[in-house]
Amino acid sequence: MAAVSGLVRRPLREVSGLLKRRFHWTAPAALQVTVRDAINQGMDEELERDEKVFLLGEEVAQYDGAYKVSRGLWKKYGDKRIIDTPISEMGFAGIAVGAAMAGLRPICEFMTFNFSMQAIDQVINSAAKTYYMSGGLQSVPIVFRGPNGASAGVAAQHSQCFAAWYGHCPGLKVVSPWNSEDAKGLIKSAIRDNNPVVVLENELMYGVPFEFPPEAQSKDFLIPIGKAKIERQGRLPHSSAHWNEVELKTS
């Protein structure tokens, strides 16, 4: 009671200052989104935005995808836009490439990029080369996406990284997002691109949550392909003397 009566007797300015010292306010927690859900959100927004976009691949529809990346899309968009295919990568990749040439925007999912080797002729010789070989008259707006690289306990035929393979093939754009913001922004840009884009998703990162900034939650959020992203803003040193000091310390 003595402490309370002491506060009452003090001027309001002093009391407010005392409260500020004793109570600490924390910023609201940032939204956390997994890489899996970020890719799902990006595809969902593009399917909703453009009726020419559709997804096909093994178990992408009724099973919600082998890694649940396409969860809920079949229920929302139906059989004509979320299409389960047989286990025949060469076949459904060829269907997707033909659909792209006809004016649609397919997202072709490989359950693992290791088995994109079954469809390598469609990816490299049909999708990647057609724009050049047609003199720029025939674009092929297609996305090849799926898990890539090493994982846990999936043996040799599911553990290879194809970034260098596809990155050395003329006619292909290749992206490999690591966090949720990049995953959403790049999948949306890939779908809107008029040329073939290979999206290599890290299987180990699917379930990892990352902070999802407000701008990434917008349906208009895109990360441009081919433009460097500044992860953290730096600054130049004030003088050349600083560089000399750094060189001395690191030499």
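Heads up: these notes are all about the structure in this document. (Residues numbered from 1 in each chain as written. Predicted model: local features only at pLDDT ≥ 70, side-chain atom pairs only at ≥ 80, totals over all residues. Heavy atoms only, no water.)

## Some words on the overall build of the chain
So, step 1. When helices and strands are counted, the chain shows 10 helices and 8 strands.
So, step 2. For the chain, with 251 residues in total, the buried portion stands at 40%.
So, step 3. Considering only intrachain contacts with a sequence separation of at least 6, the fraction spanning at least 24 residues in the chain is 81%.
So, step 4. Counting every atom, the chain has about 14,800 Å² of accessible surface; 58% of that belongs to carbon and sulfur. (Helix = DSSP H or I, 4+ residues; strand = E, 2+ residues; numbered from the N terminus. Buried < 20%, exposed > 50% of the residue type's maximum accessible area, 1.4 Å probe, protein only. Contact = heavy atoms within 4.5 Å. Areas by Shrake-Rupley, 256 points an atom, 1.4 Å probe, with all protein chains shown as cover.)

## Things to note about the side chain of D50
So, step 1. The residue D50 is located in the loop between α3 (35-49) and β2 (53-57) in this model.
So, step 2. For D50, a relative accessible area of 17% corresponds to the buried category.
So, step 3. At a separation of 2.9 Å, a polar atom in the side chain of D50 contacts the main-chain amide nitrogen of K52. (Polar contact = N/O pair within 3.5 Å; in protein donor to acceptor, adjacent residues only side chain to side chain.)

## Some thoughts on the nonpolar core
So, step 1. Among the nonpolar cores identified, the biggest contains 30 residues, and I39, M43 and I82 are the most heavily contacted of them.
So, step 2. Of all elements in the fold, only α3, β2, α4 (73-77), α9 (180-192) and β7 (197-202) reach the threshold of two or more residues within this core.
So, step 3. Ignoring sequence-local partners within four residues, the contact set of I39 consists of V69, R145, A183, I187, E201 and Y206.
So, step 4. The next biggest cluster of nonpolar side chains, apart from the first, holds 25 residues, and it includes A99, C108, V140 and I142. (Core = buried A, V, L, I, M, F, W, Y, C linked by side-chain atoms within 4.5 Å.)

## Thoughts on the sheet that holds strand β4 (residues 105-109)
So, step 1. Strand order across the open sheet formed by 6 strands is β3-β2-β4-β5-β7-β6, with parallel pairing between neighbours. Only two strands of the sheet have a single partner each, and these edge strands are β3 (82-84) and β6 (173-175). In this sheet, neighbouring strand axes are inclined to one another by 20° on average, regardless of whether the strands run parallel or antiparallel.
So, step 2. Note: β2 against β3, 3 bridges, orientation parallel. Counted as the bridge partner of L56 is I83 from β3.
So, step 3. Strands in contact with helix α5 (residues 89-101) are β2, β4 and β5 (143-148); relative to β4, the strand with the most contacts, it is inclined by about 165°.
So, step 4. The sheet strands contacting α9 are β2, β4, β5, β6 and β7, and the helix crosses β5 at an angle near 150°. (Pairing = 2+ DSSP bridges. Axes fitted to C-alpha atoms, helices over the stretch in contact; angles between N-to-C directions.)

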